[in-house]
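The chain contents come next:
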Amino acid sequence: MAASEENSALFPIFVLTIMALPLVPYTLVKILNAFSKKTMTIHCQCSVCSRSGKYRKSLFNRISNFSTCSNLTLVLLWIVMVMLIYYIKNTSQEVKVFEPFSILGLEAGASDSDIKKAYRRLSIQYHPDKNPDPEAHNYFVEYISKAYQALTDPVSRENFEKYGHPDGRQGLEMGIALPPFLLNIDGASGGILLLGIVGVCILLPLILAVIYLSRSAKYTGNYVMHQTLSAYYYFMKPSLAPSKVLDVFIKAAEFMEIPVRRSDGEPLQKLFVLVRSELNLDLKNIRQEQAKFWKQHPALVKAELLIQAQLTRESAALTPALFRDFRRMLELSPRLLEELMKMALIPRTAQGHGWLRPAIGVIELSQNIIQAVPLSARKIAGGSSEGVAPFLQLPHFNEAIVKKIARKKMRMFQDLRDMTLENRVELLTKVAGLSSAETKDVEMVLEMMPSLTVDITCETEGEEGIQEGDIVTMHAWITLKRGSGLVAALPHAPYFPFHKEENFWLLLADSLSNYVWISQKVSFMDEAVAITAASKAIQELKEGSGASLKETNAAVREAVERVKSGSRLIMGKFQAPAEGSYNLTAFCLCDSWIGCDKKTNLKIKISKRSRAVTRTGPLSEEGAAAEEGIEEEEEEDEDGYDDYESEYSEDEDETDSKRNGAVANGAVNHKGNGSSSESSDNE
């Protein structure tokens, strides 16, 4: 009985130990990470962003940021630990040492007569013949009799003096720290123990495995449904115009699962009237076009109208139920657009090339959604090849203000950025009619906008020139500068209700053939990761070329300094095509800002193979062949894509007659690498 009670009392201590082993270190790591985070503000601080409340440090936002699943679980576990500590403290009893004099109620050194008198007195009180209570019987046998024996029997007294117990040396007792009802393997207790073993050891792992397999069968690693990827792959076409990318984007299975309620009918009708001009409807047959639009699947209609509500900034007209669906769609949009971009860049040819035109369209759609700018704002107007879209992302700007500053021959967004501060303030206050506070907001946003430079070369490692069949290595340094001095920053996006990090895509493409040779996603948010990647790449490159340790270390240090100053190293490999000259273009596209993209022309000359050995090596991450098991007929509709221009025509098959020639602002020849690059801003 005593041993069972002692084991039962150890059960809370056992549970407390098992909980504390992982919980205490994990909590310390969380606290250290929280204190080590940089407090530097990297988001836009203009008044429009402040009014949006997205970055406001209110009590509700603090609670919401803290109330994550992991944090709440952590707090709950600590509450359980505190309760266990309190329970153990109040229920634990000290281990009683066998003291025969104390048991008999005597002082040490009592005479034999006093011992016999005390034994008789306690026998009258606890002897089984006098007291039928089982507890009294146990106490009499375990304590009183042994205490009397230890003080009167010579052998027992000798054992007590040597070993502290009248029975002599006591063996080591082993126990299980479990509640007593689980140790009594009879009746219901045995069933409870059996159910516990089966549940913990069999059923729980089985349930977790089923949940994991069901989710992994439905979602990818980026938490995008497989059905969405299949739809994006099927509807992606090489001639897909940027204006038609939205039609593919809304076919995501995540959007199709958003319920279409009966109560949504009238609000969607009102929203349709507000955004009708953005739906690319044929005005000559407006009734037939409207009827055709409403005959689509209700989920597609709802998804397109809600996305248009974001693009046209008409979300205030939504009902509370529609607004919740609207926020859900915007929350899903960044990762869906990233997967749509991958579907455009997935290898479609034997050389592993993706498609340029739809990739540009995906980036432009992403920019418009983040900045809440209509797609129609990209149409060429007023002599500007980029439209008014870049101006509309600035705070307090609208089409009327754009027309005012256009009268001063300020039609290009880059011209506005290149102006001196004094001239720009004068233009915004006197011509545009903005107040000093509004002008300050515009200046804040312009300082947050990134300016990109791309330094790119292509060469065959260890050889002069590039020959057909060679494995060509591309080296590209992308440098980002801001007026605010920041490298990592969040974009100005007051109408996008969620935090959005800037992402950039580097595309090395042949505009004439519409093929993307190399594509890579670039981020400036994590400097430590970029330093590690650049150091490893430079070290492997130098070691492969036979450089000395000193030269390798110097190159690594130089790369680290470039990364810290706001540059990122991008490397890729591709197999050189047939003999000839290729006019490639390196596009550095931002998914969050409009008008910040960079375009660098690169001329590569491939000579006929004269070397005996053909190099082999890994190609770019996209691979050299299309995805196995998926076949699709490619359409070759456009004559060429020799310039990076937005096309928002009503007819996808209509040929754009307003293409500009390639821009060349001075070529820089690179001896020994078979390539030359020309850089120009994408305006």
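Refer to the preceding data block for the structure.
The structure displayed is predicted, hence computed values, not measured ones.

> Quick rundown of the side chain of Glu-443? Include the residues and the values.
Here Glu-443 lies in helix 23 (residues 436-448). Residue class for Glu-443 comes out buried when judged on its relative accessible area of 9%. Non-local contacts of Glu-443, meaning those with residues more than four positions away in its chain, are made with Leu-421, Arg-424, Val-425 and Leu-428.

> Lay out helix 4 (residues 69-91) in plain terms, naming residues and giving numbers.
For helix 4, spanning 23 residues, the distance from its first C-alpha to its last is 33 Å, which sits close to the expected 33 Å at 1.5 Å a residue. Taken together, the buried positions of helix 4 are occupied by Asn-71, Leu-74, Met-81, Leu-84 and Ile-88.

> Give me the packing of aromatic side chains: which residues, what numbers.
For the structure on display, the rule yields 16 aromatic pairs. Ring plane angle 35 degrees and centroid distance 6.2 Å describe the contact between Tyr-119 and Phe-140, whose orientation is recorded as tilted. Residue Tyr-119 is located in helix 6 (residues 112-126), and its partner Phe-140 is located in helix 7 (residues 134-152); the two are separated by 21 residues in the primary sequence. Take Tyr-119: its relative accessible area is 22%, and that puts it in the partly exposed class. Seen from their ring centres, Phe-391 and Phe-413 are 5.4 Å apart, and the 90 degrees between their planes marks the pair as edge-to-face. Taken together, the residues span a long stretch of sequence, with Phe-391 in helix 19 (residues 389-392) and Phe-413 in helix 21 (residues 413-418) at a distance of 22 residues.

> Describe in detail the nonpolar core, supporting the description with residues and values.
Phe-249, Phe-255, Leu-305, Ile-369 and Leu-507 are the most contacted members of the largest nonpolar core, which totals 62 residues. Looking at this core, the elements with two or more residues in it are helix 11 (226-235), helix 12 (245-249), helix 14 (265-275), helix 16 (298-311), helix 17 (320-345), helix 18 (356-371), strand 5 (504-510) and strand 8 (580-590). Counting residues per element, this core draws most heavily on helix 17, which supplies 12 residues. Setting aside its immediate chain neighbours within four residues, Leu-305 contacts Leu-268, Leu-271, Phe-272, Val-275, Leu-279, Phe-293 and Trp-294. Among the nonpolar cores identified, the runner-up in size contains 59 residues, and Met-448, Ile-570, Phe-574 and Leu-602 belong to it.

> I'd like to hear about the pattern of salt bridges, residue by residue, with values.
Should the charged atoms of two oppositely charged side chains come close, the side chains can pair. Applying the stated criterion across every chain, the model contains 18 salt bridges. Across the pair Lys-500 and Asp-591 runs a salt bridge whose closest N-O atoms are separated by 2.9 Å. In this pair, Lys-500 sits in the loop between strand 4 (471-481) and strand 5 while Asp-591 sits in the loop between strand 8 and strand 9 (598-607), placing the two residues 91 residues apart along the sequence. On the accessibility criterion, Lys-500 (8% relative accessible area) is buried. Residue Asp-591 is classed as buried on the basis of its relative accessible area of 9%. Salt bridges here are not isolated pairs; linked through shared partners, they connect Arg-261, Asp-264, Lys-302 and Asp-325.

> Just give me the short version of the pairing of strand 5, but keep the residues and values in it.
The buried fraction of strand 5 is high, at seven of seven residues. The alternating pattern of strand 5 places Phe-504, Leu-506, Leu-508 and Asp-510 on one face and Trp-505, Leu-507 and Ala-509 on the opposite face, and all of these are buried. Examined bridge by bridge, strand 5 and strand 6 (residues 515-522) share seven bridges and lie antiparallel to one another. Note on strand 6: the bridge partner recorded for Leu-507 is Ser-519. Here strand 5 folds back onto strand 6 in antiparallel fashion, the turn holding four residues, of which Asn-514 has a positive phi close to 70 degrees. In this sheet, strand 8 lies alongside strand 5 in antiparallel orientation, the contact comprising six bridges.

Parameters and conventions
Residues numbered from 1 in each chain as written. Predicted model: local features only at pLDDT ≥ 70, side-chain atom pairs only at ≥ 80, totals over all residues. Heavy atoms only, no water. Helix = DSSP H or I, 4+ residues; strand = E, 2+ residues; numbered from the N terminus. Buried < 20%, exposed > 50% of the residue type's maximum accessible area, 1.4 Å probe, protein only. Contact = heavy atoms within 4.5 Å. Expected span 1.5 Å × (residues − 1). Phe/Tyr/Trp six-rings, centres within 6.5 Å; stacked < 30°, edge-to-face > 60°. Core = buried A, V, L, I, M, F, W, Y, C linked by side-chain atoms within 4.5 Å. Salt bridge = Lys/Arg side-chain N within 4 Å of Asp/Glu carboxyl O. Pairing = 2+ DSSP bridges.

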